[in-house]
Each structure stands twice: as C-alpha cells, then as structure tokens.
There are 2 protein chains.
Amino acid sequence: MGRYEVRLGGSGGQGIILAGVILAEAAGIYDGKYVCQTQSYGPEARGGASKAEVVISNEEIDYPKAIKPDVLLAMNQKSCDTYLFDLKPKGLLIVDSTFVKQLPTSMALPIPFTQMARDRFGREIVANIIALGALATLTGVVSLKSLEAAVLHRLPPSSAEMNKEALLVGIEAAKNILHRK
Amino acid sequence: MGRYEVRLGGSGGQGIILAGVILAEAAGIYDGKYVCQTQSYGPEARGGASKAEVVISNEEIDYPKAIKPDVLLAMNQKSCDTYLFDLKPKGLLIVDSTFVKQLPTSMALPIPFTQMARDRFGREIVANIIALGALATLTGVVSLKSLEAAVLHRLPPSSAEMNKEALLVGIEAAKNILHRK
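Residues numbered from 1 in each chain as written. Chains lettered and ligands numbered in written order. Predicted model: local features only at pLDDT ≥ 70, side-chain atom pairs only at ≥ 80, totals over all residues.

With that out of the way, let us pick up the overall build of chain A. In terms of regular secondary structure, chain A is built from seven helices and six strands. When the helices and strands of chain A are placed in sequence order, the string is β-α-β-α-β-β-α-β-β-α-α-α-α. At 15 Å, chain A has a C-alpha radius of gyration in line with the 16 Å of a compact globule built from 181 residues. By principal-axis analysis of the C-alpha atoms, chain A measures approximately 40 × 35 × 35 Å. (Helix = DSSP H or I, 4+ residues; strand = E, 2+ residues; numbered from the N terminus. Rg over C-alpha atoms; globule rule 2.2 N^0.38 Å.)

Structural data, given as structure tokens:
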C-alpha cells in the first residue's frame, strides 16, 4: 500500500478526533504501518467543521497532512461542504445521512450513523464507532481485527461490549451497501 | 505569539496522545489559537518512544509537525534520549524523574510525575495530567483556565475531581521549581 489519506469531518461533539486517534492506532500499532494523525483547530473548527486526518503508508511519511484524501467521512453537512473540494476524483465520500441531507455527488455513500446509534444503543456518542466500522469495511485501509483492538484499547472497559457491537453494526451497514452496488 | 512547538514523548501506556489532544484543545478551542496536533506511529513508537506534537500559533500553520521544539516533555528515558536532539538550544526539557534517571543536560527540569500520581491518587494514569499542569505553568503556552476546560471536556465526568486536583498538583510542582531558580 502506498500513501492512503483519510479525512474525518464533523462538529465538536461527534467524536471525530477520537475516531482519528483510534484509526491511527489500528493502522500504526496493530497493523504495523507508518501513520501520521493530525488535527487542526482554527476558525473552521469553531464553525462546526472540525477535522481529523490519518495518513497511512507502508513507507515513512514525509508530509503528515492529507493532500488529496482517498476517503472523506463527513458526519455533518458543514464538514461535507467544507472538505469535499480536494477529495481525489475517484475518492470515497461517506456521509452520516442523519445530518447530511444535501448530497453533493451521486457517488456519496449515505449511512445514518447517528440515527443507528440512537436506535440501537440510545446513545448518539457511538455514531463515530459505527462509522469507523463502516469506513474500514468500505476501504479496507485497516483490518477489522486491528480496529477492534484499537477501539477496546482507547475506550473504557465498561463500554467495551457496546463498542464491539457498534463496530459490527457499521460493518453490516457497509456490507449492505457493497452488496447493493 | 509566533510559532510555538511542544513535543510530548513516552511509552505506550503513559497517556502521551491524550495529553497532546488535551493541550491542542486547550490552545485551539479555548484559547482561540491556531493549532496542529500530530502523532506518528512507526518503529520508534513500538520501541517505547511514542510522541505527540502540538504546534501553536497566532497565525495559520503551514507545516504541522515540530521542526525545532520549544519544549520537550519526556515521560521515560527512551523518549528523552530519542527526542532531545532537535530541541531548540534554549528549549525547555521537562522529564518525569520517576523514569528518567540519566539527565542529558543540567538544564533539565526533573519532576516525578508518575511517583506523584501514585502517592497522591494511587493511580499512575493521571501522571500525564499532572505533567500538563506543570508544562502549562512552566511555559505559559496555554492558560490554566483553558487547560482545565479541555481536561474536563476530554475526560469522563466521573474522574473530573481527580483530574482537577492532578492539574493543581502539577501547577504547584512547577511553581516550586520556578521559585527555586
């Protein structure tokens, strides 16, 4: 695998940064890749479009930020609108359709992560974990085993069962999309 | 303030990445600065020297990684040895003297963060929060108010009181060093 760039976007409370840290640990610690994980805070973040980026490679990484993301996960409309512009032409756009109502391209893959989190767990906060399960399944950028290990390492043991289940919910949703295509 | 670079180093379980995320949020969200926060995973990380970097500026940040850190917080010997080399000539070296027994320079500021965490809270895991309190006091790079807000935002409410106290323990330790000089 050459350089692969993931950008995660959303608003403050959606757990974007935690998702970035987990994805980076999955690829770096458990899959043994080179990884750089970045987040920036500035006027954009305060406007409801915070982002976290993960660059993954089999080789050492020179520039740590995403240049042309291979995949954008947009958890709200603002981050979808703000961060789509430099997605690779054949890049993957995954959106949380709970909040992203205007799809900027017919290529977008809408999955209602937050709605699923509410319905299944009664807790919106796990939407990011569901989204990670879907993203890993759709891209193959990290192994599902490594992703689960990173989730369990980074989150409290008391929520381990819920988080494992949340990953499975995301994996299933992604598989449904893949089979539909 | 121009560009200010912070590097945090330690081994896997020492909460370095979480400390980086908290420091970045304190400066970016609560102090309103531009911030880039980076962590890299590679062979170094697997050898017990993981690092997190926070670049803080009043202006937009072009290159997100530390080039010449203004301060290095080394939570173990390995990260002290590995990451000291490109500290700025007049940069600040803060070490957890619980684990860093060989000080590479007489300019180093040794504080036994982990020992303090054990003694005061019976929990080594808060050593990183104590260290953040000391680092903020010694450098002034984030306001203590913003640091506390970021700690409380990022960590579970159930540990809020302990973490507030841990910050104070770190602030006090730093003040003792400043008064001794």
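Moving on, we get to the relation of the copies chain A and chain B. You can overlay chain A on chain B at an RMSD of 0.0 Å; the transform is a turn of 180 degrees with a shift of 0.0 Å along its axis. The symmetry that links the two subunits is that of a two-fold axis. Of the C-alpha atoms belonging to chain A, the one lying closest to the rotation axis is found on Thr-38 of chain A, 2.2 Å away. When you check the interface residues of chain A against chain B, 100% turn up at the interface there too, and the contact is symmetric in its surfaces. (Least-squares fit on C-alpha atoms with pLDDT ≥ 70 in both. Contact = placed C-beta atoms within 7 Å.)

Let us now look at the environment of Gly-15 of chain A. Residues and elements named next belong to chain A. Relative to the helices and strands, Gly-15 resides in the loop between strand E1 (4–10) and helix H1 (16–30). Residue classification places Gly-15 among the buried positions, given that 22 C-beta atoms sit within 10 Å. Considering only alpha carbons, one finds Gly-15 and Asn-76, 61 residues apart in sequence, at a separation of 12 Å. Every residue in contact with Gly-15, bar those within four places of it in the chain, is listed here: Ile-125 and Asn-128. (Buried ≥ 20, exposed ≤ 12 C-beta atoms within 10 Å, placed from the backbone.)

Residue and element names in this part refer to chain A. Taken N-terminus to C-terminus, the directions of helix H4 (residues 113–121) and helix H7 (residues 160–180) make an angle of 130 degrees; their axes are 11 Å apart at the nearest point. In terms of orientation, H4 and H7 fall into the oblique class. Relative to H7, H4 is oriented so that their crossing is right-handed. Side by side, H4 and H7 meet where Met-116, Arg-120 and Phe-121 of the first sit next to Met-162, Ala-166, Val-169 and Ala-173 of the second. (Axes fitted to C-alpha atoms, helices over the stretch in contact; angles between N-to-C directions. Parallel < 35°, antiparallel > 145°, perpendicular 65-115°, else oblique. Left-handed = near helix turned anticlockwise from the far one by under 90°.)

This paragraph deals with the sheet that holds E1 of chain A. The twelve strands are arranged E6(A)-E5(A)-E4(A)-E1(A)-E3(A)-E2(A)-E2(B)-E3(B)-E1(B)-E4(B)-E5(B)-E6(B) in an open sheet whose pairing can be described as mixed. At either margin of the open sheet sits one strand with a lone partner, and together these are strand E6 (109–111) of chain A together with strand E6 (109–111) of chain B. Taking each pair of neighbouring strands and ignoring which way they run, the sheet shows an average axis angle of 15 degrees. Taken together, the seven bridges between E1 of chain A and strand E3 (residues 50–57) of chain A define a ladder with antiparallel strand orientation. The partner of Glu-5 of chain A across the bridge, within E3 of chain A, is Val-55 of chain A. Sitting on the sheet, H1 of chain A is in contact with E1, strand E2 (34–41) and E3 of chain A together with strand E2 (34–41) of chain B, with an inclination near 5 degrees to E3 of chain A. (Pairing = 2+ DSSP bridges.)

One finds Ile-130 of chain A together with Ile-130 of chain B to be the most contacted residues of the largest nonpolar core, which totals 122 residues. When sequence neighbours within four positions are dropped, the list of residues in contact with Ile-130 of chain B reads Phe-113, Met-116, Ala-117, Ala-166, Val-169 and Gly-170 of chain B. (Core = buried A, V, L, I, M, F, W, Y, C linked by C-beta atoms within 7 Å.)

Per-residue confidence for chain A gives a mean pLDDT of 93; residues scoring 70 or more make up 97%. In the model output, the complex is listed with pTM 0.89 alongside ipTM 0.80. (pLDDT = per-residue confidence, 0-100.)

Residue and element names in this part refer to chain B. Counting buried positions along strand E3 (residues 50–57) yields seven of eight residues, so the element is predominantly enclosed. Bridge analysis of E2 against E3 gives seven bridges, and the strand direction is antiparallel. Following the sheet pairing, Gln-37 is matched in E3 by Val-54.

Turning our eyes to something else, we now look at H1 of chain A. Residues and elements named next belong to chain A. The terminal C-alpha atoms of H1 lie 20 Å apart, and with 15 residues this matches the ideal 21 Å at 1.5 Å per residue to within 8%. Taken across its 15 residues, H1 has 13 buried, putting it largely inside the fold. Phi for Gly-32, located one or two positions after H1, is positive at around 75 degrees. (Expected span 1.5 Å × (residues − 1).)

To continue, consider the interface of chain A and chain B. With 18 residues of chain A at the contact, the number on the chain B side is 18 residues. Contributions of two or more residues to the side of chain A that touches chain B are made by H1 and E2 of chain A. Counted by class, the side of chain A that touches chain B contains ten nonpolar, six polar and two charged residues. Two elements, E2 of chain A and E2 of chain B, share seven bridges in a ladder whose sense is antiparallel. (Nonpolar A, V, L, I, M, F, W, Y, C, P; charged D, E, K, R; others polar.)

To continue, consider the pairing of strand E5 (residues 92–96) of chain A. Across a regular strand the side chains alternate sides, sitting on one face of the sheet and then on the other. Residue and element names in this part refer to chain A. Burial analysis of E5 places four of its five residues in the buried class, the great majority of the element. Note: strand E4 (residues 71–74) against E5, four bridges, orientation parallel. Looking across to E5, one finds that Val-71 is bridged to Leu-92. On the question of chirality, the crossover connecting E4 to the parallel E5 by way of helix H3 (residues 77–83) is right-handed. Bridging between E5 and E6 involves three bridges; their strand directions are parallel. In the strand pairing of E6, Val-95 is matched with Pro-110. (Right-handed = clockwise from strand over helix to strand, strands pointing away.)

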